[in-house]
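# Residue-level structure breakdown
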Amino acid sequence: MTVSLPLFAAVPLAARDPILGLNEAYQADTNPKKVNLSIGVYYDNVGKIPVLSCVQKAMQSLMSQTTPRIYQPIEGPAAYAQAVQKLLLGADHPAIREGRAVSAQTLGGTGALKVGFDLLFNISPKVKAWVSSPTWDNHRAILEGAGFSVETYGYYAAATGGFDLAGMLRDLERAQPGDIVILHACCHNPTGVDPSAEEWGRIIDTVEQRQLVPFLDIAYQGFGDGLQEDSEIIRRFAERNLPIFIASSFSKSFSLYGERVGALTVLTANADEAKRLLSQVKRAIRANYSNPPTFGAALVSTVLNQPDLRALWEEELAGMRNRIREMRLMLRERLSARAPDRNYDYIVKQRGMFSYSGLSAAQAQKLRDDYAIYIVESGRICVAGLNASNIDYVAEAMAAVQKD
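In this report, we go over the structure that sits alongside the text.

## Points about the packing of aromatic side chains
- As enumerated under the stated definition, the model contains 14 aromatic pairs in all.
- Ring centres of Phe121 and Phe148 lie 5.2 Å apart, and the angle between their planes is 90 degrees; on these two criteria the pair is classed as edge-to-face. Pair noted here: Phe121 is in helix H6 (residues 108-123) and Phe148 is in the loop between helix H7 (137-146) and strand S4 (149-154), with a separation of 27 residues, a long-range link.
- We classify Phe148 as buried; its relative accessible area is 4%.
- With 5.5 Å between their ring centres and 25 degrees between their planes, Phe215 and Phe245 make a pair best called stacked. Note that Phe215 is positioned in strand S8 (residues 213-218) and Phe245 in strand S9 (residues 244-249), a separation of 30 residues in sequence. The pair formed by Phe215 and Phe245 is uniform in burial state, with each residue classed as buried.
- Members of the aromatic cluster, joined through ring pairs, are Tyr80, Phe250, Phe254 and Trp313.
- Note that Arg380 overlies the ring of Phe354, its terminal NZ or CZ placed 3.9 Å from the centroid.

Dropping the structure here:
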């Protein structure tokens, strides 16, 4: 007979992850018409997760080499770090030329956030961290796990399905110098709502004036308007010579979800500061997972550093971006035909993989119960899960639950 140790006797059952738990329920559903619009994964027009041609070519090249799988440097290979910096900042950016940019390979964008938040807490344990309302659920979890007190700033305007600039600026005026503000550089998760160029200008001014520390999360570069367009906000922040943290990910843009390929990049004041920051980044990585894995980053680095593969990747990424836009247009068209009294323009104004649909938690539950369509309780849908075969069914179901 097994005796339960007192250590575990009072341990509660943790709640399911709100997104991954839905994915598990979807996998168990036997309804042949089931549709998964919950998890943030890109599917092609036949409902399959693609293996990009550029990745296949890079994989063939790497697999033909018989190199040993030795430990990587704590911060990952230099070729990978350089490729990340050029992708975010541009090849000839002053921060790169002057040695002021620090980049380290991490376990996806989540690992970049974890390492960055741990580092910041060691530097400034008494400041607060600010996240948008709403934001990706894991932002708060990782921040609180690092030890931060978390505040929220206004972001989403439910009445219009758009951006609440006034609410955001009002709340950030309450932030104290040194506080950290987590910002989605493009394709906001979960809403799909991004500020305009002019609104970003107001936000950047406020961050600078309030002496806040911007932490930019860019998990969907290339899914909004394009690689350079989506990273423009990073370069605009860099112009102010602020200390900037950037978490980036290649899970979506390379369709490499299980490889967990990401990076933490920090922009500093000078090369000496960068050297000291890198030593602390390496210390944080060492305490978390010692050093990063080899294969996923090698795939990404190979593609980004070979001009022919880079061009092929940009072409494939543009295809994914354009298909998502097409699904947004089709969804608005289908919904408008079924509910002409409602305005669905917000669907095409939002960007990236996600859209706040405007559905309530009860309506999201009804979609699951009556139609086997899985969306997050907040009403967030992954537009990349729509395709020519399921969009009419999804539109019919969404219109129906809104009428009830």
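## Details of the environment of Ala238
- When you line up the elements, Ala238 lands in helix H11 (residues 232-238).
- For the pair Ala238 and Ala129, spaced 109 residues apart in the sequence, the C-alpha separation amounts to 20 Å.

## What to know about the environment of Val207
- Within the secondary structure layout, Val207 lies in helix H9 (residues 197-209).
- What makes Val207 buried here is its relative accessible area of 0%.
- In this view, Val207 contacts Val181, Leu212, Pro214, Phe237 and Leu242; residues no more than four positions away in its chain are not counted.

## Regarding the nonpolar core
- Phe237 and Trp313 are the most contacted members of the largest nonpolar core, which totals 106 residues.
- Those residues in contact with Phe237 that sit more than four places away from it in its chain are Leu183, Trp200, Ile204, Val207, Pro214, Leu216, Leu242 and Ile244.
- Counting residues in hydrophobic clusters, the runner-up holds 28 residues, among them Leu119, Val127, Leu143 and Ala146.

## Here we look at the pattern of salt bridges
- In this structure the tally under the stated criterion is 23 salt bridges.
- The closest approach of N and O atoms between Lys282 and Glu75, which form a salt bridge, is 4.0 Å. Taken together, the positions of Lys282 in helix H12 (residues 271-289) and Glu75 in the loop between helix H3 (53-63) and helix H4 (78-89) put the pair 207 residues apart, joining distant regions of the chain.
- With a shortest N-O distance of 2.3 Å, Asp225 and Arg351 are connected by a salt bridge. Of this pair, Asp225 sits in the loop between S8 and helix H10 (227-230) while Arg351 sits in the loop between helix H15 (346-349) and strand S11 (354-356); the two residues are 126 residues apart in sequence, bridging distant segments of the chain.
- Look at the salt bridges and you will find they share partners, linking Asp194, Asp225, Asp230, Arg325 and Arg351 into a network.

## Considerations on unusual backbone geometry
- Along the chain, Ser133 connects to Pro134 via a cis peptide bond; the corresponding omega equals 5 degrees.
- Its location among the elements puts Pro134 in the loop between strand S3 (128-133) and H7.
- At the junction of Asn189 and Pro190, the peptide bond is cis and its omega measures out at 25 degrees in the coordinates.
- Structurally, Pro190 is set in the loop between strand S7 (180-184) and H9.

## What to know about the pairing of S9
- Across the 6 residues of S9, 6 count as buried, placing the element largely inside the fold.
- Neither face of S9 is open: one carries Ile244, Ile246 and Ser248, the other Phe245, Ala247 and Ser249, and all of them are buried.
- Relative to S9, S8 runs parallel, the two being bridged by 4 bridges. Residue pairing across strands places Leu216 opposite Ile246, the latter belonging to S9.
- One ladder, built from 6 bridges, connects S9 with strand S10 (residues 261-267); its direction is antiparallel. Pairing of Ile246 across the sheet is with Thr265, part of S10.

Scoring rules and cut-offs
Residues numbered from 1 in each chain as written. Predicted model: local features only at pLDDT ≥ 70, side-chain atom pairs only at ≥ 80, totals over all residues. Heavy atoms only, no water. Phe/Tyr/Trp six-rings, centres within 6.5 Å; stacked < 30°, edge-to-face > 60°. Helix = DSSP H or I, 4+ residues; strand = E, 2+ residues; numbered from the N terminus. Buried < 20%, exposed > 50% of the residue type's maximum accessible area, 1.4 Å probe, protein only. Lys NZ or Arg CZ within 6 Å of the ring centre and 35° of its normal. Contact = heavy atoms within 4.5 Å. Core = buried A, V, L, I, M, F, W, Y, C linked by side-chain atoms within 4.5 Å. Salt bridge = Lys/Arg side-chain N within 4 Å of Asp/Glu carboxyl O. Pairing = 2+ DSSP bridges.

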